[in-house]
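# Observations on chain architecture
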Amino acid sequence: MTPIRAVRIAATEATVRFGDDGVVYMKSPFSLGAYPTRLTERLEEWADRAPDRPFLAQRDAQDAWRCLTYSQVLTRVRSISQALINRGLSQEKPILILSGNSIEHALLALASMYGGVLYAPVAPAYSLQAREYGTLGRIFNLMKPRLVFAADGAPYERALRSVLPPDVELVVAGSPGELRATTFDELQDTPATTAVDAARDRVNADTIAKILFTSGSTGNPKGVINTQRMLCSNQEMIRSVIAFLEDEPPVLCDWLPWNHTAGGNHNFGLVLYNGGTLYIDDGRPLPSAFDRTVRNLREIAATAHFAVPRTYEMLLPHLRTDRALRERFFSRLKLLLYAAAGLSQRFFDEVRALAVETIGEEILWMTGFGATETAPFALSTGRAGTASGVLGLPAPGLELKLAPVGTKIEARLRGPSITPGYWKEEALTRAAFDDEGFYRLGDAMRFADPNDPAKGLLFDGRLAEDFKLSTGTWVSVGPLRAKFLAVSGGYTQDVVIAGHDREFVAALIFPNLHNCTQLCPELNQPTPADIIEHPNVRRQFTTALDELARQSTGSSTYVVRAIILDQPPSIDAREITDKGSLNQKAVLQNRAALVEELYAPGPSPRIISATPAQ
């Protein structure tokens, strides 16, 4: 048997208690270790224990890695914190960060937390991809910032002219463009005084560290309150399961955006909490940007990767063909963790084979489950590794409640890493918690083994997305969507499931145009319409529908008709979030005419249909 590379990962276990009305309570039998009052205590600790260790690294204009050590970061954080104090910024007078991951973004965020100033990182897409700035305007109105940061003025100029109040200070790290702005150097060149120490000492576990806005996949983005207690307890939860983080400083090369909890809380926090080094990856899993990720991974040997499945899927072809990349990628690697979606068994098998060929060992895979409101680490598979669809069990310090809601079971969580609510949204906050103080995730789960709850939980869809057919049969949208994506072989970017009060399930397909183009190589510079109308593309999706029908167990588990779309989802119409999650409800509302076309008595020529399930 091929060995798995040695790595210290804890087992995830659970004690189970049965309540009234079918409610089940689960929690880890292990106690959560002690954790600091504020996250920046770790910055001070590592600046003292390992002052010359690189903390943050980013490519500069000459394409070389620019690194800051822990002592350098602490010095700059204290100076910037003084600059914020001089401006009277506070919990009531916050900061908005509009641009993506950068050393300057990190310094400003840490300085804000260090001195107790509230800040909110905002998805760059709301400024750079949107054209109407409705979501950005709502965030400005909700937060009422007194300072706004953007890496460069010019790309953000149009958005800022639309939403930036004239009395709010703009700070830029690069060129201000045509905008009036303060330079970032002015902040970090401010001499720190004892006022910084006094501000730091006032920060306690209940101090709000930041506001993270949800992706908006089920409505308008909500401002999730993240306290210092949430951030610190969650990092200790991570380390209680991923125990090797305590053994050696982690090294990550990561692109996940800091305006989301996975990148900004889990990955960034994990590096800081454990005294590691973070190389800021300037790529991302898009055809136009992934070459930069590959270039970075050829140079940086990470000890772990915490990523979305799309990253791994795009990396696999490069690992197959590039021996040097493969050797660097696996050289120090201890763990591969994915979340947010599933991966096929075929994928695991191929990565396993490449690892064995390259280093003679397998690499442990893990997955889990969390949300912006859970900081995010909540459930994990731990030492047992992954199995198809399994989310794992609650981390130490958390209690999971499984409560029947209609025909499904909703997962709810309680513990120190759970948000106290939504920023200036009292009604939403009240609705988010049940009468025992458990946060309602809005996600359904079921037991991997109904006879043994401790074997873990399976994701069973989002409650808000499920619907009934006219026959009264419930359609579980999440699992059906996942199955469609699996059978479509990478030719689908995403899919929206329709059928509320209809006789059968139908779908609107957003194709992966890059992959679909490979099915029609004879086309020269084809338009999206040319691609989706090509017989090979239509045949590919028809085959996927037929395969889904073949696997089905009834009318609610396959798609009868579908339309392949040539128009991508719109961020202005709230059809898609900045991280690429579809808002199913918004797509169905905005494209209601297409839904009616799917259910018209005589199918139109652009509809593809499945062979009826037997």
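Our structure's up above, just so we're on the same page.
Presented here is a report on the structure given in the accompanying data block. (Residues numbered from 1 in each chain as written. Predicted model: local features only at pLDDT ≥ 70, side-chain atom pairs only at ≥ 80, totals over all residues. Heavy atoms only, no water.)

On to the overall build of the protein chain, then. When you go through the protein chain residue by residue, the secondary structure sums to 21 helices and 28 strands. Across its three principal directions, the C-alpha atoms of the protein chain cover 75 × 55 × 55 Å. The buried share among the 614 residues of the protein chain stands at 56%. Restricting the contact set of the protein chain to residue pairs at least 6 apart, pairs at least 24 apart contribute 67%. As displayed, the protein chain has an accessible area near 25400 Å², and 49% of this comes from carbon and sulfur atoms. One way to put it: in the protein chain the 64 positive side-chain charges average out to a point 1 Å from where the 69 negative ones average out. (Helix = DSSP H or I, 4+ residues; strand = E, 2+ residues; numbered from the N terminus. Buried < 20%, exposed > 50% of the residue type's maximum accessible area, 1.4 Å probe, protein only. Contact = heavy atoms within 4.5 Å. Areas by Shrake-Rupley, 256 points an atom, 1.4 Å probe, with all protein chains shown as cover. Lys, Arg positive; Asp, Glu negative; His and termini not counted. Charge placed at Lys NZ, Arg CZ, Asp CG, Glu CD.)

We now examine helix α14 (residues 345-359). The end-to-end C-alpha distance of α14, which contains 15 residues, comes to 21 Å, matching closely the 21 Å that a straight helix rising 1.5 Å per residue would cover. Taken together, the buried positions of α14 are occupied by Phe347, Phe348, Val351, Leu354, Ala355 and Thr358. For α14, the angular spread of buried residues about the axis comes to 130°, placing them on one side. Here the buried face of α14 lies against α12 (309-321), α13 (323-331), β15 (335-338) and β16 (364-370). Gly360 sits one or two positions beyond α14 and adopts a positive phi of about 75°. (Expected span 1.5 Å × (residues − 1). Arc of directions from axis to C-beta.)

Our focus in this paragraph is the pattern of salt bridges. Once the charged atoms of two side chains with opposite charge are near each other, the side chains can pair. In total, this model carries 43 salt bridges according to the counting rule given. Between Arg87 and Glu186 there is a salt bridge, with its nearest N and O atoms 3.6 Å apart. Remark: Glu186 occurs in helix α7 (residues 184-188) and Arg87 occurs in the loop between α2 (70-86) and β5 (95-97); sequence separation between them is 99 residues. What makes Arg87 partly exposed here is its relative accessible area of 28%. Taking relative accessible area as the criterion, Glu186 reaches 44% and is therefore assigned partly exposed. The salt bridge partner of Arg298 is Asp322, with a shortest N-O separation of 2.9 Å. Remark: Asp322 occurs in the loop between α12 and α13 and Arg298 occurs in helix α11 (residues 290-299); sequence separation between them is 24 residues. Judged by its relative accessible area of 17%, Asp322 falls in the buried class. Residues joined by salt bridges that share partners form a network here, namely Glu44, Arg78, Asp197, Arg200 and Asp201. (Salt bridge = Lys/Arg side-chain N within 4 Å of Asp/Glu carboxyl O.)

Right, let's get into the environment of Thr374. By secondary structure assignment, the location of Thr374 is in the loop between β16 and β17 (377-380). Here the alpha-carbon distance between Thr374 and Ala57, two residues 317 residues apart in the chain, equals 28 Å. Among the polar contacts made by the side chain of Thr374, one reaches the main-chain carbonyl oxygen of Pro376 at a distance of 2.6 Å. (Polar contact = N/O pair within 3.5 Å; in protein donor to acceptor, adjacent residues only side chain to side chain.)

Let us look at the packing of helix α9 (residues 228-241) against helix α10 (residues 261-273). It is at 10 Å that the axes of α9 and α10 come closest, and there the two elements cross at 80°. Accordingly, the angle class assigned to the pair α9 and α10 is roughly perpendicular. Along the contact surface, α9 presents Leu231, Cys232, Gln235, Glu236, Ile238 and Arg239, while α10 presents Asn265, His266, Gly269, Leu270 and Tyr273. Residue composition of the contact of α9 with α10, grouped by class: 5 nonpolar, 4 polar and 2 charged. (Axes fitted to C-alpha atoms, helices over the stretch in contact; angles between N-to-C directions. Parallel < 35°, antiparallel > 145°, perpendicular 65-115°, else oblique. Nonpolar A, V, L, I, M, F, W, Y, C, P; charged D, E, K, R; others polar.)

Right, let's talk about the side chain of Thr381 for a bit. Take Thr381: it is sitting in the loop between β17 and β18 (390-394). Apart from residues no more than four positions distant in its own chain, Thr381 is found in contact with Thr12, Met366, Thr367, Thr386, Val390, Leu391 and Gly392.

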